[in-house]
Amino acid sequence: MSKLYYRSTRGTDNRIESSRAIVRGIATDGGLYVPEAIPQIDLPLGSLSRMDYPELALYIISKFLTDFTEDELKYCIRKAYDKKFDSPKITPLVEKGGAFFLELFHGPTLAFKDVALSMLPHLLKVAANKIGIDKEIVILTATSGDTGKAALEGFANVEETKIIVFYPKDGVSKIQERQMTTQAGDNTYVIAIEGDFDDVQRGVKNIFSDRIFNEALNRSGYIFSSANSINIGRLVPQVVYYIYTYLNLGRSGKIGAGEKINIAVPTGNFGNILAAYYAKKMGLPVGKLICASNENNVLYDFINTGVYDKKRKLIVTSSPAMDILVSSNLERLLYDISGGNADIINSLISDLNKKGEFKITSEMKDKMADFYGDFATDKETFETIKYVFYNFNYLIDTHTAVGYNVYRKYVDDSGDKSKTVIASTASPFKFPGSVARAIDKKYAGMDEFSLLEILAEISGLKVPNAIKGIGSREILHSTVCETSQMKDVITDILGV
Ligand SMILES: *Cc1c(COP(=O)(O)O)cnc(C)c1O
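Computed from a predicted model, the values in this text were never measured in an experiment.

What counts as what
- Residues numbered from 1 in each chain as written.
- Predicted model: local features only at pLDDT ≥ 70, side-chain atom pairs only at ≥ 80, totals over all residues.
- Heavy atoms only, no water.
- Buried < 20%, exposed > 50% of the residue type's maximum accessible area, 1.4 Å probe, protein only.
- Helix = DSSP H or I, 4+ residues; strand = E, 2+ residues; numbered from the N terminus.
- Pairing = 2+ DSSP bridges.
- Axes fitted to C-alpha atoms, helices over the stretch in contact; angles between N-to-C directions.
- Parallel < 35°, antiparallel > 145°, perpendicular 65-115°, else oblique.
- Left-handed = near helix turned anticlockwise from the far one by under 90°.
- Contact = heavy atoms within 4.5 Å.
- Nonpolar A, V, L, I, M, F, W, Y, C, P; charged D, E, K, R; others polar.
- Near = heavy atom within 4 Å.
- Polar contact = N/O pair within 3.5 Å; in protein donor to acceptor, adjacent residues only side chain to side chain.

In terms of burial, strand E4 (residues 99-103) is a largely internal element, 5 of the 5 residues being buried. Two elements, strand E3 (residues 93-96) and E4, share 4 bridges in a ladder whose sense is antiparallel. Counterpart to valine 94 in the pairing with E4 is phenylalanine 101. A loop of 2 residues connects E3 with E4, the two strands running antiparallel in sequence, and glycine 97 in this loop sits at a positive phi of about 55°. Examined bridge by bridge, E4 and strand E14 (residues 420-424) share 4 bridges and lie parallel to one another. Within E14, the position partnered with leucine 102 by the bridge is alanine 423.

Glancing now at the packing of helix H14 (residues 330-337) against helix H15 (residues 342-355). Remark: H14 packs on H15, axes separated minimally by 9 Å, with the N-to-C direction vectors making an angle of 135°. By the angle between their axes, H14 is oblique relative to H15. Like other packed secondary-structure pairs, H14 and H15 cross with a definite hand, here right-handed. In this structure, H14 contributes Glu331, Leu334 and Tyr335 to the contact, and H15 contributes Ala342, Ile345, Leu348 and Ile349. Among the residues making up the contact of H14 with H15, the classes are represented as 6 nonpolar, no polar and 1 charged.

Close to the ligand lie 15 residues; Lys113, Asp146, Gly268, Asn269 and Asn272 are nearest. Between an oxygen atom of the ligand and a main-chain N or O atom of glycine 268, the distance comes to 2.8 Å. Contact distances for the ligand include 2.8 Å between a nitrogen atom and a side-chain N or O atom of threonine 425. For the shell around the ligand, the class distribution of residues is 6 nonpolar, 7 polar and 2 charged.

Moving on, we come to the pairing of E14. When you tally the buried positions in E14, you get 5 out of 5 residues, the bulk of the element. Going residue by residue along E14, you find Thr420, Ile422 and Ser424 tucked away on one face and Val421 and Ala423 tucked away on the opposite face as well. Inspection of the sheet shows strand E9 (residues 261-266) paired to E14 by 3 bridges, in the parallel sense. Along E14, the bridge assignment pairs asparagine 262 with threonine 420.

For the rest of this paragraph, the subject is the sheet that holds E14. In a beta sheet, neighbouring strands are held together by backbone hydrogen bonds and run either parallel or antiparallel to one another. Pairing is mixed in the open sheet, where 6 strands are placed in the order E3-E4-E14-E9-E10-E13. For this open sheet the edge positions go to E3 and strand E13 (371-375), each flanked by a neighbour on one side alone. Recorded for the sheet is a direction-independent mean angle of 25° between the axes of neighbouring strands.

Structural data, given as structure tokens:
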């Protein structure tokens, strides 16, 4: 098979092997690594549909990570998709309310990020060995709630790694916070930041691009890497479940051979929907990519006007994993629709940094015709949870509700009757406060930990093991700091 190289969206790093791109996380020029070309599905879909999840993962991932051997990838896949997932299907599909919910939350932290983050630590270790890195890998992660816990779970006790997670102190749910602050593992560190997610994300990005700081750490035997969705080792495993789902629909007779489906994705950093876009570019029959935002509707405006404008106040919503004003992974789409022109990307990014906004050309905008963007307010999100629960006897979380709400708006707008897959990104048990209150106002303000049992009772579901008894677990992490102190915290932890 021919070798696939990666390059930076900002033009300085070129012909980078996938293992190096995974270890670095972010390109040296601050850009994101993208494959030089999107590999194609080169077998008939019918023959792929006999594969189980790990087999399909091997087929897809080996096309992107071409410098890994088959045995190395098999090892990473086996380590990732084991009993940690409470469904042998890994990402089961549930038909409700006229759509197909792709339940991506059956992993150890009850959110879709587990699908990629249970594999990334293994990819990273194999990659580091491959390129002869003799330093300890330090994962720095900014989280709006779900990435942090999923990364902690993935990296806890993985030898020769440390993981440091920063989260916005008042920007995550109580359950999310407790999931992180109770994390075990000698190599795990969790720090609350006074600020919102964008502050935290900017802080981490600055540390990654601080050459002097990085060199000092290198001399002390450490190397930074990222578990955020800017790492292509996160993105590639996510492509798998869209293809798996399509095959699933075909096998069960829900769609005909070659029939196009639409995919609706509740979106924050634009990673999950970008994976769906890559699946489409690989040759999967996909029509529209429905980008669903919450009240932080920067992407909705962008898709509809071609202007990306971050000059607004971040709104804290009931879908906190999507409370984001600067969607990092959008840069990969911009690069693609610019025809791979790093000069254009550099000028857009510079406009964003200097003026707080950028505008793409109409040619670029035309290339985004497959994307539909809309948003749901918090009120609509609550109504959607209630509607889906009472009409279809199905409990969804706030993020998934944003996805379903926008899917319904799209259908009303377009009359498009294509079968649609909704990326169901979190378990309702992860956001019990909002979910219970949506179903009945009498639960408003109740303690999130006791609401877990109430939700189980009204839904007839069991409280997932991953979260059972979390209210009484011991808190192991309690550091709080300002964004300006992030570097100091890291040097303290590493003792340098
Ligand atoms: C992270 C997350 C999202 C947003 O995904 P992106 O890849 O950042 O767009 C949506 N829902 C949940 C529950 C998440 O954890």
